[in-house]
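Given next are the chains, with one letter for each unit.
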Amino acid sequence: MTRLLGIDLGERRVGLALADDDGSAARPLATLKRGRDLDADARALRVVIDRYDVDALVVGLPLEASGDEGPQAAITRAWADAMQGTLGLAVTFRDERLSSHLAETRIGPMKRGRSGGPPSKTQRDAYRARVDREAAAIILQDELDTQAGLRSSLPRRPDPQEISR
């Protein structure tokens, strides 16, 4: 059995989710604040990896609407390559388009502040952290479903033998 850590990488936070490849569902785990540098991110992830005996990482890849890789995907790939080198774990990428939107749909709207006013900064930060964890679970579940042959969010490349002339 392999234990997987799903990652939704953002500029300020890293959403984490955990699952085993035995058919169990991915579950939101934690949200980490991004460190000042890659080493700080790696140290924070190492604590989680050691605590939960993680075997591999599944990192959400922020593709553009067209499916092409843009600047954010390049940043994510560079971050994941650095984590792979530092942590020594296999990394798989999974299309993360619309994962945050789906996460917001799942957890519902942000709660209002006192007396029905706007939410406080603390409430906004807590909500965003929860969305990041849920998005990581969605990304990880997509990978698990793909491994099980159920579906994939990434477009399948055409097999050259299937292309009609």
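Just so we're clear, the structure is a prediction, and the values are computed from it rather than from any experiment. (Residues numbered from 1 in each chain as written. Predicted model: local features only at pLDDT ≥ 70, side-chain atom pairs only at ≥ 80, totals over all residues. Heavy atoms only, no water.)

Student: Kindly report on the overall build of the chain, identifying the contributing residues and their values.
Tutor: Looking only at helices and strands, the chain features four helices and five strands. Ordered by position from N to C terminus, the α and β elements of the chain give β-β-β-α-β-α-β-α-α. Over its C-alpha trace the chain gives a radius of gyration of 17 Å, about what one expects of a compact globule, namely 15 Å for 165 residues. C-alpha atoms of the chain, sized along the principal axes, occupy 65 × 35 × 35 Å. For the chain, the proportion of its 165 residues judged to be buried stands at 39%. In the chain, the proportion of contacts linking residues at least 24 apart, taken out of those at least 6 apart, comes to 62%. Entry remark: accessible area of the chain is about 10000 Å², with carbon and sulfur atoms responsible for 50%. Computed over 26 positive and 26 negative side-chain charges, the inter-centroid distance for the chain is 8 Å. (Helix = DSSP H or I, 4+ residues; strand = E, 2+ residues; numbered from the N terminus. Rg over C-alpha atoms; globule rule 2.2 N^0.38 Å. Buried < 20%, exposed > 50% of the residue type's maximum accessible area, 1.4 Å probe, protein only. Contact = heavy atoms within 4.5 Å. Areas by Shrake-Rupley, 256 points an atom, 1.4 Å probe, with all protein chains shown as cover. Lys, Arg positive; Asp, Glu negative; His and termini not counted. Charge placed at Lys NZ, Arg CZ, Asp CG, Glu CD.)

Student: Mind laying out the packing of helix 3 (residues 99-107) against helix 4 (residues 121-147), listing which residues take part and the relevant values?
Tutor: Between helix 3 and helix 4, the shortest axis-to-axis distance is 8 Å and the interhelical angle comes to 115 degrees. Our classification of the angle between helix 3 and helix 4 gives roughly perpendicular. For the element pair helix 3 and helix 4, the recorded crossing hand is right-handed. In this structure, helix 3 contributes Ser99, Ser100, Leu102, Ala103, Glu104, Arg106 and Ile107 to the contact, and helix 4 contributes Tyr127, Arg128, Arg130, Val131, Glu134, Ala135, Ile138 and Ile139. Considering only residue class, the contact of helix 3 with helix 4 consists of eight nonpolar, two polar and five charged. (Axes fitted to C-alpha atoms, helices over the stretch in contact; angles between N-to-C directions. Parallel < 35°, antiparallel > 145°, perpendicular 65-115°, else oblique. Left-handed = near helix turned anticlockwise from the far one by under 90°. Nonpolar A, V, L, I, M, F, W, Y, C, P; charged D, E, K, R; others polar.)

Student: Could you give an account of the side chain of aspartate 41, with specific residues and numbers?
Tutor: Examined against the element boundaries, aspartate 41 turns out to sit in helix 1 (residues 38-52). Side-chain polar atoms of aspartate 41 contact the side chain of tryptophan 79, separated by 2.9 Å. Setting aside residues no more than four positions away along its own chain, aspartate 41 makes contact with Arg34, Gly35, Trp79 and Met83. (Polar contact = N/O pair within 3.5 Å; in protein donor to acceptor, adjacent residues only side chain to side chain.)

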